[in-house]
Amino acid sequence: RGGLESSTGAVTAEGTLHAPLGRRMVPISGTLTGNLDWNINKEILRLDKAGLDGLGSYFGSNLLVDMHGKKTVVTADSTFKLNPRVFLKEWDLLPGGDARVPANIAGASKITATSDAVDFGSLDLQIDGAPATGTIKLTFPPAAKGSPQEQLWTIRLNAEQLDLDNYFPPAKPEDSGKPRST
């Protein structure tokens, strides 16, 4: 009997993680900070005041990982500030030509994740200063044996004040007066 039952303390980690993005592995470099509380007997890990800073972006959260029961469940109350131009440039994914990408996306969401789905419920966003609300859910339907895992994205976004013309290439003189399709 005996042994380690729990661990508590400040955490700081710095480095680069390579994560899959489509068929590519992309680097995610940054610094993770927070206060860790791990109860091994209850199979619960909590990371309070967590912050991940890198690639011109910041993600802050109070994170709870519950490994007790049939499925591991991760919940997080999160805030974020993203600069898509920085990480898309880093990953060589910026669109070509005159297409533009938002410079600032900030917001908050409650995130729930299991092995079956990741749900960004009740998103409150600011996209280049324009307010938006919505939900994003990523589900992983069961795959046939030997088949690759599929992903199903469900995105609902209400952004009445977001001017999408800011992200399209400028109209050519011969196109002036013609409506754009979106």
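Counting from 1, residues in each chain are numbered in the order their sequence is written. Thresholds applied to this predicted model are a pLDDT of at least 70 for local features of residues and 80 or more for the giving and counting of side-chain atom pairs; totals over whole chains, interfaces and linings are not thresholded and use all residues. Heavy atoms from the whole structure form the basis of all side-chain values; hydrogens and water molecules are not counted.

Two rings from Phe, Tyr or Trp (for Trp, the six-membered ring) form a pair when their centres are within 6.5 Å of each other. A pair whose planes differ by under 30 degrees is stacked, one over 60 is edge-to-face, and the rest are tilted. Here the structure, examined in full by the defined rule, presents one aromatic pair. Aromatic pair Phe 87 and Trp 91: ring centres 5.3 Å apart, planes at 45°, arrangement tilted. With respect to class, Phe 87 is no different from Trp 91; both count as buried. Exposure is judged per residue with a 1.4 Å probe applied to protein chains only, and the accessible area is read against the type maximum: over 50% gives exposed, under 20% gives buried, and values in between give partly exposed.

Before going further, it helps to examine the side chain of Ser 109. Here Ser 109 shows up in strand 6 (residues 105-113). Note on definitions: a residue-residue contact is assigned when non-hydrogen atoms from the two residues lie within 4.5 Å. In contact with Ser 109, other than residues within four places in its own chain, are Ala 76, Asp 77, Ser 78, Phe 80, Phe 120, Gly 121, Ser 122 and Leu 123. Only DSSP runs of H or I reaching four residues or more are called helices, and only runs of E reaching two or more are called strands; each is numbered from the N terminus.

So, on to the pairing of strand 3 (residues 44-54). Of the strand pairs in this sheet, strand 2 (residues 24-39) and strand 3 are connected by eight bridges, and their pairing is antiparallel. When the bridges of strand 3 are listed, Asp 37 appears paired with Arg 46. Whether two strands pair comes down to DSSP finding at least two bridges between them. Once strand 2 ends, the chain turns through four residues before running back antiparallel as strand 3, passing Glu 43 with a positive phi of about 55°. Bridge count between strand 3 and strand 4 (residues 57-66): nine bridges; the pairing is antiparallel.

For the rest of this paragraph, the subject is the nonpolar core. Formed by Phe 80, Ile 105, Leu 123, Leu 125, Ile 127, Ala 130, Ala 132, Leu 162 and Tyr 167, the largest nonpolar core amounts to nine residues. For this core, the secondary-structure elements that each account for two or more residues are strand 7 (117-127) and strand 8 (130-139). Examining the composition of this core, we find that three residues originate from one element, strand 7, more than from any other. Residues contacting Ile 105, with those up to four places away along its chain left out, are Phe 80, Lys 81, Leu 82, Pro 84, Leu 125, Gln 126 and Ile 127. As used here, the term nonpolar core means buried Ala, Val, Leu, Ile, Met, Phe, Trp, Tyr and Cys residues forming a set that is joined through side-chain atoms within 4.5 Å.

Let's shift gears to the pattern of salt bridges. Every case where a carboxyl oxygen of Asp or Glu lies within 4 Å of a side-chain nitrogen of Lys or Arg is listed as a salt bridge. According to the stated counting rule, one finds two salt bridges in the structure shown. The salt bridge involving Lys 71 is made with Asp 116; its shortest N-O contact spans 2.0 Å. Here Lys 71 is found in the loop between strand 4 and strand 5 (73-82), whereas its partner Asp 116 is found in the loop between strand 6 and strand 7, with 45 residues between them in sequence. Residue Lys 71 is classed as partly exposed on the basis of its relative accessible area of 41%. Residue Asp 116 is classed as partly exposed on the basis of its relative accessible area of 34%. Ionic pairing is found between Lys 110 and Asp 77, a salt bridge with its closest N-O pair at 3.7 Å. One end of the pair, Lys 110, is in strand 6; the other, Asp 77, is in strand 5, and 33 residues separate them in sequence.

With respect to the secondary-structure elements, Ala 130 resides in strand 8. Along the primary structure Ala 130 and Asp 163 are separated by 33 residues, whereas in three dimensions their C-alpha atoms are 8.3 Å apart. Once residues lying within four places of it in the same chain are set aside, the contact partners of Ala 130 are Leu 125, Gln 161 and Leu 162.

What follows concerns the confidence of the model for the protein. Across the protein, the average pLDDT comes to 83, with 88% of residues at or above 70. Confidence, expressed as mean pLDDT per element, reaches its minimum in the protein at strand 1 (residues 6-21) with 80 and its maximum at strand 6 with 93. Values of pLDDT, the confidence the predictor places in each residue, fall between 0 and 100.

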